[in-house]
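Examining the three-dimensional arrangement
As a plain string of letters, each chain reads:
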Amino acid sequence: MKCALVTGGSRGIGRAICQKMAGLGYYVLINYKSNRAEAEKTLALIAGTGELLQFDVANKTQIQNVLGNWIENNQNNPIEILVNNAGIRDDSLMAWMDEEQWEKVLKTNLDSFFYVTRLVLNDMMAQKYGRIINVVSLSGLKGLAGQTNYSAAKAGVIGATKALAQEVARQGITVNALAPGFIKTDMTEGLDEKELKALIPAKRFGLPEEVAAAAAFFASPEASYITGQVLSVNGGLYT
Ligand code: NAP
């Protein structure tokens, strides 16, 4: 059984990536934080070819307990693909940003990369095969006012992507990042789409499926010589 773990697979971009991974023949571990009903919908959409794995990616003890135990109990089913997708934003100008906003966003978007990936990496190294895909953001490339916390976290993951790619390239593991622009999900629900889409050359928000298509490319065996890269999926909205 070939397994793919998608963090934040209950909704939005993560759900579309789960569907793609199932389409590629993977048994999908659908991580979510609290929205069980939506996670079950994702599982139904992939016709039950996977299972739900509830843990908070911002909580290293939960990661160790839930994901660590799953790995321990499934020695014959190594995780070949890891998509670090779970993320949140909590915007505010820095002058008004409180410590909790900073810490929560850094823990969920950046620390999670370290604690989740570290657990999965051992098996990938033993198998001499793996695909790690980190969902970052235009905000981490360009920096966006009102998002010092989120831009810092995503830029941190971009740096880690490039560093880890060099550490594990010899072992047949690639590490790449996807940087979406504005994608239609719950995360962008409150934004002024009419005003923002005027700035995007494609004149529209992207769809989760358009990010998932790029994830499927990075996940494919054919992408074996591409590592340490950041691929923008942003309708031409360059920095
Ligand atoms: P979304 O619709 O808000 O969905 C977020 C997903 O992450 C949900 O499945 C949620 O689980 C999960 N999640 C959040 N916090 C978590 C935690 N602490 N532990 C485990 N799971 C957690 O977001 P999205 O738009 O699909 O975003 C997915 C990724 O793309 C994020 O990393 C985001 O930063 C990035 N991104 C999005 C956009 C965009 O325009 N949408 C642009 C650039 C980058 P629950 O359902 O249980 O809450």
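Just above sits the structure.
Scope of this entry: the structure provided in the associated data block. Residue numbers restart at each chain and count upward from 1, following the sequence in its written direction. With pLDDT at 70 or above as the cut-off, local features in this predicted model cover only qualifying residues; side-chain atom pairs require 80 or more to be listed or tallied, and sums for whole chains, interfaces and linings still use all residues. Note that the side-chain values use all heavy atoms of the structure and ignore hydrogens as well as water.

Some words on the pattern of salt bridges
Salt bridges are defined as contacts in which a side-chain nitrogen from Lys or Arg sits within 4 Å of a carboxyl oxygen from Asp or Glu. Counted according to the given criterion, the structure contains eight salt bridges. Here Arg 204 and Glu 210 are joined by a salt bridge, their closest N and O atoms 2.8 Å apart. Partly exposed describes any residue whose relative accessible area lies between the buried limit of under 20% and the exposed limit of over 50%, with all areas from a 1.4 Å probe on protein chains only and scaled to the type maximum. Among the residues examined, Glu 210 registers a relative accessible area of 32% and is labelled partly exposed. A single network of salt bridges, built from pairs that share partners, joins Arg 15, Glu 38 and Lys 41.

Let's talk about the sheet that holds strand β7 (residues 230-233)
Pairing in this open sheet of seven strands is parallel, and the strands run β3-β2-β1-β4-β5-β6-β7 from one edge to the other. Edge strands, defined here as strands with exactly one partner in the open sheet, are β3 (50-54) and β7. Ignoring strand direction, the axes of neighbouring strands in this sheet form an average angle of 20°. By definition, two strands form a pair when at least two bridges between them are found by DSSP. To qualify as a helix, a DSSP run of H or I must reach at least 4 residues; to qualify as a strand, a run of E must reach at least 2; elements of each kind are numbered from the N terminus. Pairing geometry for strand β6 (residues 173-180) and β7, over four bridges, is parallel. Bridge pairing in β7 places Leu 178 opposite Leu 231. Working rule for contacts: check all heavy atoms of both residues, and any pair within 4.5 Å makes them a contact. Orientation is described by axes fitted as lines to C-alpha atoms, over the contacting stretch for helices, and by angles from 0 to 180 degrees between their N-to-C directions. Across the sheet, helix α3 (residues 60-73) is in contact with β1 (3-6), β2 (27-32), β3 and β4 (79-84); its angle to β3 comes to roughly 145°. Together, β4, β5 (130-135), β6 and β7 form the strand contacts of helix α8 (residues 208-219), whose direction differs from that of β6 by roughly 165°.

Thoughts on the site of the ligand
Residues are classed as near a molecule or strand on a simple rule: at least one heavy atom within 4 Å of it. Near the ligand there are 32 residues, and of these Ser 10, Asp 56, Asn 85, Tyr 150 and Thr 185 occur at the shortest range. In protein, a polar contact requires one atom able to donate a hydrogen and another able to accept it; more generally it is a pair of N or O atoms within 3.5 Å, and residues adjacent in sequence count only if both atoms are side-chain atoms. A distance of 2.9 Å is found between a nitrogen atom of the ligand and a backbone nitrogen or oxygen belonging to Val 57. Between Gly 181 and the ligand, the recorded distance is 3.3 Å, taken from a backbone N or O atom to an oxygen atom. For accessible areas, the Shrake-Rupley method is used with a probe of radius 1.4 Å. Any residue's cover is judged against the shown protein chains and nothing else. Alone, the ligand offers 900 Å² of accessible surface; in the complex the protein occludes 95% of this. For the shell around the ligand, the secondary structure elements donating two or more residues are α1 (12-23), β2 and α6 (148-168). Gly counts as polar in this scheme, as do all residues outside two lists: the nonpolar Ala, Val, Leu, Ile, Met, Phe, Trp, Tyr, Cys and Pro, and the charged Asp, Glu, Lys and Arg. Of the residues that constitute the shell around the ligand, the class distribution is 13 nonpolar, 14 polar and five charged.

A short note on the pairing of β4
Counting buried positions along β4 yields five of six residues, so the element is predominantly enclosed. Strand direction decides the pairing type here: β1 and β4, joined by four bridges, are parallel. The residue of β4 that forms the bridge with Ala 4 is Ile 81. Across four bridges, β4 lies against β5 in parallel orientation. Residue Val 83 lies in a different strand from β5, and its bridge partner there is Ile 133. With helix α4 (residues 99-127) bridging β4 and its parallel neighbour β5, the resulting β-α-β unit is right-handed. Seen with the strands pointing away from the viewer, any crossover whose path from the first strand over the helix to the second strand runs clockwise is right-handed.

Topic: the side chain of Thr 42
Along the chain, Thr 42 falls in helix α2 (residues 36-45). Among all residues touching Thr 42, those that are not within four sequence positions of it are Gly 9, Ser 10, Arg 15, Cys 18 and Ile 30.

A word on the environment of Gln 166
Note on placement: Gln 166 falls in helix α6. On the basis of relative accessible area, Gln 166 is assigned to the exposed category, the value being 67%. Residues Gln 166 and Ile 81 lie 85 residues apart in sequence; the distance between their C-alpha atoms is 18 Å.

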